[in-house]
Amino acid sequence: MNVLVSGLNLSPKVAGTSTTSKTTISSAPPATIQQQQQQDVSRIQYSKEQEARQSHNNQVFNALFVSVPERNEPVAIRHTIGKRPKDFPSGAILRLGPNGASKSDGFLDGDGLLHCIIIPPTDSNTPLTYSSAYIDTQGRRLEQEKGGGRGKFIGSLGAAPEGFPLLFSVVRNMIRFQVGTKDTCNTALGESGGRLLALMEQAPPSEIEICKDGTIRTVATKTNLDGAIPANDPLTGGTFGAHGKTCPETGERIHVSYGSSSPPFARVDVFEKDWKLKTSVDVSDLSCPVMIHDCAITKNYALVLDFPLTIRPMRMLMNRFPVEYDPDHGARIGLVPRRDGMDRSDIRWFPCKPGVILHTVNAYETNDDKVILHALRSEPKTNGSYITSYTTSFLYEWVLDLKDGTVIREECLNPIELVEFPIMDDRFIGQNVKDCYAIGVKSIGGPLEMYKTPMEGILIDRILKFSLMDDKENGIRKGDVIGRFHFPKGWYGVTEPTIVPKVGGEDGAKGCYMVAIATYVPETPHVPLEEEIAKDNVLTSRVFVVDGDNFDAGAIWEFDLPYHLPYGLHSGFLNWEHLK
């Protein structure tokens, strides 16, 4: 396997620096050259991380984590800058994230709070509206039955990196609620045939409805999707992957889910529209449970990521958190054939360099029997550092050779840009796409004072557009930054951006819009305190709409929300015909 970096000859366009391309001829053997390239990549990545750690405003960072109340009644959005593009579709811009966890818990222990922005038809003469509501999960309902207070679940992530507190919380939750962990449904959204699910990987999902007036309703909790999700985990009640992919050709929705109680430790589910299970395959040859947060698909395969964020419950007995980075476990990319009658024996494994992949961009097949995977890769410094500190991630490419069963190349496409939350136009999942987007990291630091974990995190000041193809005619290489949108000074991104296809652009000819949400934190006379933020609505959030085909031109439509958004996780867009 070759481990390379495509951007070592860094041009000013890629790096935003005056570094010039330089070609040298070396007589060193290939293995030595590859080792030197790896060292160069690591050196650049380390340097960029240290730069990000020197400029962190921790007061602003903490202000963006303060929880907000839900706003069930839709409120009109009045303040806009620019005009809505004629080809911007009607529907709902959605953002899901944790909210309301106690300071003794982790941020990710918070219940899922869904923020909703309704974009009505242009001929309706009704304003845009904003609303928010908690996902009314089974866990929240059980807490209400117990009367709140001491009847609440204890979160699991506040214990990290220790194991004894987590073990205590699981036992206590089992005694009080007959389930070890809460179904917070706070991570991501999944849609199939107009049915919308709120997801978190260690619980069955909740089904929600978005109404055209902005009302948010939870219509089912801990749904097993008509028996598709096995209830084989006594601690969670069942597991379902936080991220799935929808095939644009067949409409099939594919999820990879993992559990930690007993083998098989993972499965691949294929759903027809409306979440009707078509087939399910157990991934039975995992040596131990691993955290599989995301997946990828091509025309003929589903990709399973067996990377070394291992889960060993017995670690709790040694006062260690059950999830640790364990590079000795190794790393593999599994290809599961997408065909009727597929079987676990058909899975092919491709060993690669250990690391962590939380989020993928895309995968596709080539005409010469290769599978290409694009994803963000990170490499924790110690076994526990993925929990205790922020680990930087960068855009990578893996090339899998179907003929000889090996990863023949693993490249860092851009070691300059620290990025998170990659997104692409979902109309082209599984195909060779030209570009993708990701949030850019401004700074890294801590401590986070609102919650016990994470102990540090990032501030976000821009959205980046990356090329995923070489374009020799225009001097563009794969991994180059081909567009940048910077938030105005004092504004910080608080979520994954959203791709919204242009009306009339079903075939991709008309492109897409990138929608980003940022929150303004005033720094004079002082950064607002937690009490001011929670009670006085002193922060402001704004939606920025950028034309993906003219990214550097900046936002062409902006509007302020009546209430601000804190940090959250993933987003989505639901078309008007799927609103109730």
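So, a few notes on the structure that sits alongside this text. None of the values given here were measured: they were computed from a predicted structure. (Residues numbered from 1 in each chain as written. Predicted model: local features only at pLDDT ≥ 70, side-chain atom pairs only at ≥ 80, totals over all residues. Heavy atoms only, no water.)

### Remarks on the overall build of the protein
(1) Moving on: Regarding its fold elements, the protein presents seven helices and 34 strands.
(2) Moving on: For 580 residues, the compact-globule formula gives about 25 Å, and the C-alpha radius of gyration of the protein, at 23 Å, lands near that figure.
(3) Moving on: Expressed along its principal axes, the backbone C-alpha trace of the protein runs to roughly 70 × 55 × 50 Å.
(4) Moving on: The buried share among the 580 residues of the protein stands at 58%.
(5) Moving on: For the protein, the share of sequence-separated contacts (at least 6 apart) that also reach a separation of at least 24 residues comes to 65%. (Helix = DSSP H or I, 4+ residues; strand = E, 2+ residues; numbered from the N terminus. Rg over C-alpha atoms; globule rule 2.2 N^0.38 Å. Buried < 20%, exposed > 50% of the residue type's maximum accessible area, 1.4 Å probe, protein only. Contact = heavy atoms within 4.5 Å.)

### Structural notes on the nonpolar core
(1) Moving on: Phe-88, Ile-117 and Trp-398 are the most contacted members of the largest nonpolar core, which totals 84 residues.
(2) Moving on: For this core, the leading source of residues is strand β31 (residues 512–520), giving seven residues.
(3) Moving on: Residues contacting Trp-398, with those up to four places away along its chain left out, are Ile-333, Cys-352, Ile-357, Val-371, Ile-372, Leu-373, Ala-375, Arg-377, Val-407, Arg-409 and Glu-410. (Core = buried A, V, L, I, M, F, W, Y, C linked by side-chain atoms within 4.5 Å.)

### Let's talk about the environment of Ser-443
(1) Moving on: Secondary-structure assignment places Ser-443 in strand β26 (residues 435–445).
(2) Moving on: Note on Ser-443: relative accessible area 0%, which makes it buried.
(3) Moving on: The spatial distance from the C-alpha of Ser-443 to the C-alpha of Asp-536 is 27 Å, given a sequence separation of 93 residues.
(4) Moving on: With near-sequence residues (within four places) excluded, Ser-443 lies in contact with Ala-52, Ser-55, His-56, Gly-457, Ile-458 and Leu-459.
(5) Moving on: At 2.8 Å, the side chain of Ser-443 and the side chain of His-56 are in polar contact. (Polar contact = N/O pair within 3.5 Å; in protein donor to acceptor, adjacent residues only side chain to side chain.)

### Brief notes about the environment of Thr-215
(1) Moving on: Tracing the chain through its elements places Thr-215 in the loop between β9 (206–210) and β10 (216–220).
(2) Moving on: Residue Thr-215 is classed as partly exposed on the basis of its relative accessible area of 26%.
(3) Moving on: Distance in space between the C-alpha atoms of Thr-215 and Asn-72 is 7.0 Å, their sequence separation being 143 residues.
(4) Moving on: Apart from residues lying up to four places away in sequence, Thr-215 is in contact with Pro-74, Glu-209 and Ile-210.
(5) Moving on: Reaching out from Thr-215, the side chain makes a polar contact with the side chain of Asp-213 at a distance of 2.9 Å.

### Looking at the side chain of Asp-326
(1) Moving on: Counting through the fold element by element, Asp-326 comes out in the loop between β18 (323–325) and β19 (331–337).
(2) Moving on: With sequence-adjacent residues up to four places away left out, Asp-326 is seen in contact with Pro-308, Thr-310, Arg-312 and Arg-315.

### Observations regarding helix α4 (residues 138–146)
(1) Moving on: For α4, every residue scored as buried is listed here: Gly-139, Arg-140, Leu-142 and Glu-143. The buried side chains of α4 occupy one side of the element, clustering within an arc of 160 degrees when seen end-on. Among the exposed residues of α4, those oriented more than 90 degrees off its buried face are Gln-144 and Glu-145.
(2) Moving on: Against β5 (111–119), β6 (129–134) and α5 (164–177) lie the buried residues of α4.
(3) Moving on: Looking one or two places after α4, you find Gly-147, whose phi comes out positive at around 85 degrees. (Arc of directions from axis to C-beta.)

### Here we look at the sheet that holds strand β20 (residues 348–352)
(1) Moving on: Pairing in this open sheet of four strands is antiparallel, and the strands run β15-β16-β19-β20 from one edge to the other. Every interior strand has two partners, whereas the edge strands, β15 (296–297) and β20, have only one.
(2) Moving on: Examined bridge by bridge, β15 and strand β16 (residues 301–306) share two bridges and lie antiparallel to one another. Bridging from a neighbouring strand, Ala-296 pairs with Leu-303 of β16. (Pairing = 2+ DSSP bridges.)

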